[in-house]
Amino acid sequence: MPRPAPPLPVVDPARARAFGTRLRAWFRRHGRDLPWRRTRDPYHILVSELMLQQTQVVRVVDYYARFLERFPTLRHVAEAEPEAVTDAWAGLGYYARARNLHALARRVTAADGPGVIPPDPEALRALPGVGAYTAGAVSSFAYERRSALVDTNVARVLQRVFAPSLDPKRPRDLTRLWRIAEAIVPRTGRAAWVQNQALMELGALVCTARVMRCDQCPVRASCATYAATVAAARTTVAKRVRR
DNA sequence: AACTCGGGGAG
DNA sequence: CTCCCAGAGTT
């Protein structure tokens, strides 16, 4: 009996490497200088990620600075009244995030708590307000672990580049995009930090939901959607020439 | 799997 | 005007 064939890789390794190398080089040159990219403090990273949930970067910047001024450490949050934390959140929306942060702070700093924000995505995931994305983000951005993360930006970018037939809005397809994200994480934690930031930055600046700026895209050579666009344009031109 | 939570900006 | 945004929790 023939042995079953080994499972095909989720993404061709050579293609993943070419994609990642181009993407990271682009980020080093064009990535925005954002405050939470200048620190590895897990508490600071956590605050930024909670604020950034469903909230655009430009509006978070000021809240982030003001919040950390008022609550310099996780312990300051834990020792504050819940209302004080919600007050610092006023205007940002999604106030469950503020309540979750307070609950998280008390749990982590409790006598039987870990005392510090954990580096492992699985442990992070167990904390209030921390889902799959935020767990990966804190693990990668604060601890430089080789953790994958998928937010709406990353889901869209990976879908367009590697899996145009998937629909990121479907939970079923979203788990497959997580598989892809995990498959393309680079070898070192440092490079993983850059690549994860770069995936989100590309989705925020170039490969946006409404507009695909392929002329500015560093990875169009590895992009399935771009290839389809070019092929379609060629057909259009050929038809025109035939007349 | 569908709904809810907010407020602001882009197209 | 509609859709989207560094999502997560609840039903």
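Look above for the structure.
Predicted model only: the values in this text are computed from it and were never measured. For every chain, the first residue of the written sequence is number 1, and numbering continues from 1 along that sequence. Chains and ligands are labelled by the order in which they are written, letters from A for the one and numbers from 1 for the other. It should be noted that, the model being predicted, local features are given only for residues of pLDDT at least 70 and side-chain atom pairs only at 80 or more, the latter also being counted only at that level, while totals for whole chains, interfaces and linings use all residues. As a rule here, side-chain values cover all heavy atoms of the structure and leave hydrogens and water aside.

Caption draft 1: Structural context of the protein's contact with DNA strand C. Here a residue counts as near a molecule or strand whenever at least one of its heavy atoms sits within 4 Å of it. Inspection of the region around DNA strand C gives 26 residues, with W36, L52, G129, N153 and R156 positioned closest. When atoms of DNA strand C within 4 Å of the protein are sorted by moiety, sugar and phosphate together comprise 62%. The definition of a polar contact used here is a pair of N or O atoms within 3.5 Å, where within protein one atom must be able to donate a hydrogen and the other to accept one, and adjacent residues in sequence count solely through side-chain atom pairs. A distance of 2.6 Å separates a phosphate oxygen of DNA strand C from a polar atom in the backbone of G129. One of the side-chain N or O atoms of D151 is found 2.8 Å from a sugar or linking oxygen in DNA strand C.

Caption draft 2: Main features of unusual backbone geometry. Backbone geometry at Q54 places phi at a positive 55°, although glycine is not the residue there. Looking at the element boundaries, Q54 is found in the loop between α2 (42-52) and α3 (57-70). The classification of residues rests on relative accessible area computed with a 1.4 Å probe and restricted to protein chains. Under 20% of the type maximum is buried, over 50% is exposed, and intermediate values are partly exposed. In this structure Q54 comes out as exposed when scored by relative accessible area, which is 62%. You will see that E144, though not glycine, has its phi angle at about 55°, which is positive. Note that E144 resides in the loop between α8 (132-143) and α9 (152-162). Where helices and strands are cited, they refer to DSSP runs of H or I of at least four residues and of E of at least two residues respectively, numbered from the N terminus.

Caption draft 3: Spotlight on the packing of aromatic side chains. Centres within 6.5 Å make a pair out of two Phe, Tyr or Trp rings, where for Trp the six-membered ring is used; the pair is then stacked when the planes are under 30 degrees apart, edge-to-face when over 60, and tilted otherwise. As enumerated under the stated definition, the model contains six aromatic pairs in all. With centroids separated by 5.0 Å and ring planes inclined at 70°, the aromatic side chains of F19 and F162 adopt a geometry described as edge-to-face. Remark: F162 occurs in helix α9 and F19 occurs in helix α1 (residues 13-30); sequence separation between them is 143 residues. F162 shares its class with F19; the two are buried. With centroids separated by 5.3 Å and ring planes inclined at 80°, the aromatic side chains of W36 and Y64 adopt a geometry described as edge-to-face. Separated by 28 residues along the polypeptide, W36 in the loop between α1 and α2 and Y64 in helix α3 bring together distant segments of the chain. Here W36 falls in the buried class, since its relative accessible area comes to 5%.

Caption draft 4: Looking closely at the protein's contact with DNA strand B. By nearness alone, every residue bordering DNA strand B is listed as Q54, T55, Q56, R59, G91, L92, G93, Y94, Y95, P171 and R213. Here, DNA strand B places atoms within 4 Å of the protein, and 41% of those atoms are sugar or phosphate. Backbone polar atom of L92 to a base nitrogen of DNA strand B: 3.1 Å apart, as the coordinates give it. A distance of 2.6 Å is found between a base oxygen of DNA strand B and a side-chain nitrogen or oxygen belonging to Y94.

Caption draft 5: How the structure looks around the pattern of salt bridges. Salt-bridge detection follows one rule: a side-chain nitrogen of Lys or Arg within 4 Å of a carboxyl oxygen of Asp or Glu. What the rule picks out here adds up to eight salt bridges. A salt bridge links D33 to R38; the nearest nitrogen and oxygen atoms lie 2.9 Å apart. Note on accessibility: D33 and R38 belong to one class, exposed. Between R190 and E144 there is a salt bridge; the shortest N-O distance is 3.4 Å. On the criterion of sequence distance, the pair formed by R190 in helix α11 (residues 189-205) and E144 in the loop between α8 and α9 is long-range, its members being 46 residues apart. What makes R190 exposed here is its relative accessible area of 56%. Connected via shared salt-bridge partners are R32, R37 and E201.

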